[in-house]
Amino acid sequence: MSLFWRIFLLNAAVLTVATLLVMASPVTVSTPVLLTEALVLSAGLAAMLVANAVLLRVGLAPLSRLTRTMATVDLLKPGHRLAVSGRAGIADLIRTFNTMLDRLEAERAASTGRALTAQEDERRRIAQELHDEVGQTLTAVLLELKRVGDHAPPDVRAELHEVQETTRNSLDEIRRIARRLRPGVLAELGLESALKSLATEFSTGGLSVRYHLDPDLPDLGDDTELVLYRVAQEALTNAARHSGARTIEVSLRRHPGEVRLRITDDGRGFGDAPEGAGIRGMRERALLVGAALSLGPAIGGGADVRLRVPCDTGGR
């Protein structure tokens, strides 16, 4: 039965019962209407309205749940579905809504995967150009400055030395940017070495990054390792730039059926700030490999970022 006919029959049932009660009762209506008659009619109308409201509330309750779900659904937090309840039209509507969510999540995952793949390709190209073009040019400039400095007068030699140091620092910065754009150590030495290098890179005079990595991680595949690396990189960047933390803990543990990455710090935490592009990027990357990302406060303050990646751990 369609939703239209259900509502129509509910109203028809209320009106039919009211008509039968009027026909069976000894109540009459005078002209003009007497006060007692008006009170009886008003009471009957109120009873009809209450009965109609109760029946409609019960019949349309699944629609209210569907409305609340539609208002809170987030494609970056997939899996939330409304239980199919009600009859006929309402159940079909809920079932169609769940099917639509399945399709939207699949399409978003596919489009996000293409976008992130294109982004990684672009990062790789830019990193290669920085390394090959800009890096080699600055290296040549350093060599030329050294050659000129060897033949320059002492007073000019000191100034050339300062220029050399500035150029050398710029070359180191370009190499650091290139490494962040394209983590060559990830492809060459693996995830464990890449995370250690990342922790060392973020460790400065005012920030200590400690890591705890299981040595016997399963074979995760290139895409999963890249997701783990990028999530760790974004979490460390957020903690270093925005949290005011002095200590960051990075752990990568092997558990039955999954690998868990966790980054905690002793900074200000997330607070009530809305999720920015960095966190949404972490969620999108997690969806690509079917991982679950959770963010919350750490024990004792700070932020706690957890990524659970399903994988075959050999039954351990």
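Conventions and cut-offs
Residues numbered from 1 in each chain as written. Predicted model: local features only at pLDDT ≥ 70, side-chain atom pairs only at ≥ 80, totals over all residues. Heavy atoms only, no water. Helix = DSSP H or I, 4+ residues; strand = E, 2+ residues; numbered from the N terminus. Rg over C-alpha atoms; globule rule 2.2 N^0.38 Å. Buried < 20%, exposed > 50% of the residue type's maximum accessible area, 1.4 Å probe, protein only. Areas by Shrake-Rupley, 256 points an atom, 1.4 Å probe, with all protein chains shown as cover. Lys, Arg positive; Asp, Glu negative; His and termini not counted. Charge placed at Lys NZ, Arg CZ, Asp CG, Glu CD. Pairing = 2+ DSSP bridges. Expected span 1.5 Å × (residues − 1). Contact = heavy atoms within 4.5 Å. Axes fitted to C-alpha atoms, helices over the stretch in contact; angles between N-to-C directions. Parallel < 35°, antiparallel > 145°, perpendicular 65-115°, else oblique. Nonpolar A, V, L, I, M, F, W, Y, C, P; charged D, E, K, R; others polar. Salt bridge = Lys/Arg side-chain N within 4 Å of Asp/Glu carboxyl O. pLDDT = per-residue confidence, 0-100. Right-handed = clockwise from strand over helix to strand, strands pointing away.

Undergrad: Just to check I follow, could you spell out the overall build of the protein chain for this structure?
TA: Assigned secondary structure in the protein chain consists of eight helices and five strands. Here the C-alpha radius of gyration of the protein chain, 34 Å, is well above what a compact globule of 316 residues would show, namely 20 Å. Across its three principal axes, the protein chain shows a C-alpha extent of roughly 125 × 50 × 40 Å. The buried share of the protein chain, reckoned over its 316 residues, is 31%. When the accessible area of the protein chain is evaluated, it comes to approximately 19200 Å², of which 59% is carbon and sulfur surface. Of the side-chain charges in the protein chain, 39 are positive and 39 negative, and the distance between the mean point of each set is 7 Å.

Undergrad: Is there a simple way to think about the pairing of strand S5 (residues 303–310) in this case?
TA: When a strand is regular, its side chains alternate between the sheet's two faces. Note: strand S3 (residues 258–265) against S5, seven bridges, orientation antiparallel. Looking at the pairing, leucine 261 lines up with leucine 307 of S5. In this antiparallel pair of consecutive strands, strand S4 (residues 292–297) and S5, the connection spans five residues, and glycine 300 shows a positive phi of 85°.

Undergrad: I would appreciate a short explanation of helix H8 (residues 277–288) in the present structure.
TA: The end-to-end C-alpha distance of H8 is 17 Å, a good match for the 16 Å that twelve residues give at a rise of 1.5 Å each. Every buried residue of H8 is listed here: Ile279, Gly281, Met282, Arg283, Arg285 and Ala286. Taken from the residues just after H8, glycine 290 is the one with a positive phi, measuring 70°.

Undergrad: Help me understand the environment of alanine 291, please; the structure alone is not making it clear to me.
TA: Residue placement: alanine 291 occurs in the loop between H8 and S4. A sequence separation of 64 residues divides alanine 291 from valine 227, and the C-alpha atoms of the two residues are 9.4 Å apart. Residues in contact with alanine 291, not counting those within four places in the same chain, are Ala286, Leu307, Arg308, Val309 and Pro310.

Undergrad: How should I be thinking about the packing of helix H6 (residues 191–202) against helix H7 (residues 222–243) in this particular structure?
TA: The description of two helices packed together rests on the angle between their axes and the distance between the axes. Their axes nearest at 11 Å, the elements H6 and H7 cross at an angle of 10°. Between H6 and H7, the angle falls in the class roughly parallel. When H6 is examined against H7, the residues Leu191, Ala194, Leu195, Leu198 and Phe202 are found in contact with a partner set consisting of Glu225, Leu228, Tyr229, Ala232, Gln233, Leu236, Thr237 and Ala240. Of the residues contributing to the contact of H6 with H7, the split by class is ten nonpolar, two polar and one charged.

Undergrad: Can you walk me through the side chain of threonine 264 in this structure?
TA: Tracing the backbone through its elements, the reader meets threonine 264 in strand S3. The class for threonine 264 is buried, based on a relative accessible area of 16%. Setting aside anything within four residues of it in sequence, one finds threonine 264 in contact with Thr247, Ile248, Glu249, Ala298, Ala303 and Asp304.

Undergrad: Teacher, can you tell me more about the pattern of salt bridges here?
TA: Summed over the entire model, instances satisfying the criterion amount to 14 salt bridges. A salt bridge links arginine 168 to glutamate 165; the shortest N-O distance between them is 2.7 Å. Of this pair, arginine 168 and glutamate 165 both sit in helix H4 (residues 154–181), three residues apart, roughly one helical turn. Overall, the relative accessible area of 31% leaves glutamate 165 in the partly exposed class. In this structure, arginine 253 engages aspartate 214 in a salt bridge whose closest nitrogen and oxygen atoms are separated by 3.0 Å. Highlighted residues: arginine 253 in strand S2 (residues 247–255) and aspartate 214 in the loop between strand S1 (208–213) and H7, separated in sequence by 39 residues. A relative accessible area of 15% places aspartate 214 in the buried class. One connected set of salt bridges, linked through shared partners, spans Glu122, Arg125 and Glu129.

Undergrad: How should the confidence of the model for the protein chain be read in this particular structure?
TA: If pLDDT is low for a region, its predicted coordinates should not be looked at in detail. Taken as a whole, the protein chain shows an average pLDDT of 80; of its residues, 91% reach a score of 70 or greater. For the protein chain, the element scoring lowest by mean pLDDT is helix H1 (residues 3–24), at 74; S3 scores highest, at 92.

Undergrad: Can you walk me through the sheet that holds S2 in this structure?
TA: Consider a sheet: its strands pair through backbone hydrogen bonds, and that pairing is either parallel or antiparallel. On the basis of which strands lie adjacent, the open sheet formed by five strands has the order S1-S2-S3-S5-S4 and mixed pairing. Bordering the open sheet on either side are S1 and S4, each of which pairs with just one other strand. Across the sheet, the mean angle separating the axes of adjacent strands is 10° when strand polarity is ignored. Helix-sheet contacts for H7 involve S1, S2, S3, S4 and S5, and the interaxial angle to S3 is about 10°.

Undergrad: What is the right way to read the pairing of S2 from this model?
TA: In terms of strand pairing, S1 meets S2 through six bridges, oriented parallel. Following the sheet pairing, leucine 213 is matched in S2 by leucine 252. Handedness of the crossover is the feature at issue here: the chain leaves S1, passes through H7, returns alongside S2, and the resulting connection is left-handed. In this sheet, S3 lies alongside S2 in antiparallel orientation, the contact comprising eight bridges. In the strand pairing of S3, valine 250 is matched with isoleucine 263. Joining the antiparallel neighbours S2 and S3 is a turn of two residues, in which glycine 257 adopts a positive phi near 80°.

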